[in-house]
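# Overview (structure and organization)
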Amino acid sequence: MNGIIIMDKPEDYTSFDVVAVMRKLLGEKKVGHAGTLDPMATGVLPILLGRATKLQAFLPITEKEYVAKIKLGLAMDTLDITGKVLSSVSTCIKKEEFQAALKTFVGEINQLPPMYSAVQKDGVRLYVLARKGIEIERSPRKVVISKLELLRFDEALQEGELSISCSKGTYIRTLCDDIGKKFGCGAVLAKLQRTKACGFSLKDSITLDEARELAANNGLQKYILPCDLPFKSLNTANITLPQANRFRNGGALSLDRVSFNNELKLKGSEIIRVYNAEFGFIGLGKINLEKGELSVACLVEV
C-alpha cells in the first residue's frame with residue numbers, strides 16, 4: 001500500500017500518535033508523516049504510506065498556512081498555553097495598535113528557536129534539555145512571514161486570531177512571543193490550526209474519526225493519494241522499458257537518451273519525476289550535467 005493520505009490531526013495527539021492509528025487502520029507497517037505538529041495543534045498532517053515514506057526528504061518546500069489564536073499579557077516557558085506561567089499582567093492594547101504591530105513582522109525576520117522544540121544541539125533535542133530546566137544559547141534563524149492578517153481582536157479579552165502564511169521552519173509560538181515582547185507585556189499561542197502544508201489543505205483531509213469509520217467499512221483506501229502528487233511542479237522524464245529496468249536497479253541513464261517533458265533546459269542537481277508506460281511513477285531522478293546522466297534520487301516502484 002503506497003501513497004499519501006491527508007489527516008486533520010486532532011488536539012492532544014502527537015504526530016506519531018496519528019501515525020500509529022493509521023498504521024493499525026490500514027495494516028501497513030511503513031507509515032510516516034511530513035511536518036510535525038505539536039500536540040496542542042490541529043490541522044493538516046500528510047501521512048506517507050509504504051514506499052511513499054522514502055519520498056519524505058524530497059517533498060517540495062512550500063509555504064505553510066496557519067490560523068492562530070494569541071493571548072496578550074501572558075508569558076509561559078513553552079511560549080504556548082500548555083506551559084508554566086512565568087508572568088501575567090493586565091493589558092489594554094487597542095485593535096489598531098495590535099494591527100499596526102503585526103506589519104513589522106511581515107517579510108524576512110529572525111527567529112530564535114524555542115527551547116521547547118525538536119531542534120538538536122550536540123545530538124540532543126532542545127525540549128529534552130528544557131524539561132530538565134536547562135536553557136542553552138541558540139542562534140537566530142531567518143524565516144519568511146509572507147502574510148500576517150488579523151482576523152479578529154477582542155479588546156476585552158486581549159486575544160486575537162491571526163491568519164499566517166510562512167516559510168518552513170517558522171515557529172508560530174515564537175512569533176506570538178515576539179509580538180508580546182514588542183508590547184512589553186508577553187503573549188502566548190493559545191490555539192493553532194495548520195490549514196495548509198506540502199501543497200495540501202484542510203479540504204483534502206479527513207479526521208481520525210472519519211478514518212476509523214471508513215476503515216470499518218473498507219472505504220479508507222479511496223482517500224489514499226498517488227505518491228507523485230506532491231511533485232507535480234517538477235519536470236518529468238519518460239523512459240523506455242529497458243531504461244526503466246536499469247533505473248529500477250539503481251543504474252544511471254544517459255541524458256541524451258532520455259525523453260523529457262517539453263523542451264526544458266536542464267539544471268544541474270535538478271530533481272525530476274521519472275515515469276514509464278508500464279510501471280507508471282518510478283521515482284525521482286537527479287540531473288548530473290557533468291556526467292551527462294540522470295541518476296537515481298529515490299525509487300518508489302521497484
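Coordinates for the structure precede this section.
Residue positions are given per chain, counted from 1 along the sequence in the order it is written. A pLDDT threshold of at least 70 governs which residues receive local features in this predicted model, and a stricter bar of 80 or more applies before side-chain atom pairs are shown or counted, although totals over entire chains, interfaces and linings include all residues. Each side-chain value is derived from all of the structure's non-hydrogen atoms; neither hydrogens nor water enter the calculation.

## Looking at the packing of aromatic side chains
Each Phe, Tyr or Trp ring, with Trp reduced to its six-membered ring, pairs with another whose centre is within 6.5 Å; inter-plane angles below 30 degrees give stacked pairs, above 60 give edge-to-face pairs, and intermediate values give tilted ones. Applying the stated rule across the entire model yields three aromatic pairs. For the ring pair Phe-98 and Phe-183, a centre distance of 6.2 Å and an interplane angle of 10° mean the geometry is stacked. You can see Phe-98 sitting in helix 2 (residues 95-102) and its partner Phe-183 sitting in helix 4 (residues 172-183), a full 85 residues away along the chain. Whether a residue is buried, partly exposed or exposed follows from its accessible area with a 1.4 Å probe, protein chains only, as a fraction of its type maximum: under 20%, in between, or over 50%, in that order. When its relative accessible area of 0% is taken as the criterion, Phe-98 is described as buried. Take Phe-183: its relative accessible area is 25%, and that puts it in the partly exposed class. For the pair Tyr-275 and Phe-281, a centre-to-centre distance of 5.4 Å together with 50° between the ring planes defines the contact as tilted. As far as the burial class goes, Tyr-275 and Phe-281 line up, both buried. Grouping aromatic residues by their ring pairs yields a cluster made of Phe-98, Phe-153 and Phe-183. Helix and strand labels come from DSSP, where a helix needs a run of H or I of at least four residues and a strand needs a run of E of at least two; each type is numbered from the N terminus.

## Looking at the side chain of Ser-205
Checked against the element boundaries, Ser-205 lands in the loop between strand 13 (200-201) and strand 14 (206-207). With relative accessibility at 14%, the residue Ser-205 sits in the buried group. For this analysis, a polar contact is any N or O atom pair within 3.5 Å, provided that within protein one partner can donate a hydrogen and the other can accept it, and provided that sequence-adjacent residues contribute only side-chain to side-chain pairs. From its side chain, Ser-205 meets the backbone oxygen of Leu-202 in a polar contact 2.6 Å long.

## Details of the nonpolar core
Counting residues in hydrophobic clusters, the biggest one holds 28 residues, and the most contacted among them are Phe-98, Leu-162, Ile-164 and Ile-172. Among the secondary structure elements, those contributing two or more residues to this core are strand 4 (64-72), helix 2, strand 10 (141-154), strand 11 (159-166), helix 4 and strand 12 (187-197). For this core, the element with the most residues is strand 10, which contributes five residues. Setting aside residues up to four positions removed in sequence, Ile-172 forms contacts with Tyr-66, Ala-68, Ile-164, Cys-166, Leu-189 and Leu-192. Only buried Ala, Val, Leu, Ile, Met, Phe, Trp, Tyr and Cys residues count toward a nonpolar core, and they belong to the same one when joined by side-chain atoms within 4.5 Å. Core analysis: the next-biggest nonpolar cluster, separate from the first, contains 18 residues, Ala-34, Cys-227, Leu-284 and Cys-298 among them. In what follows, a contact means two residues having at least one pair of non-hydrogen atoms within 4.5 Å.

## Remarks on helix 2
Taken together, the buried positions of helix 2 are Phe-98, Ala-101 and Leu-102. Projected onto a plane normal to the axis of helix 2, the buried residues spread over an arc of 105° and lie on a single side. On its buried side, helix 2 packs onto strand 4, strand 10, strand 11 and helix 4. What the arc covers is the set of directions going from the helix axis to the C-beta atoms.

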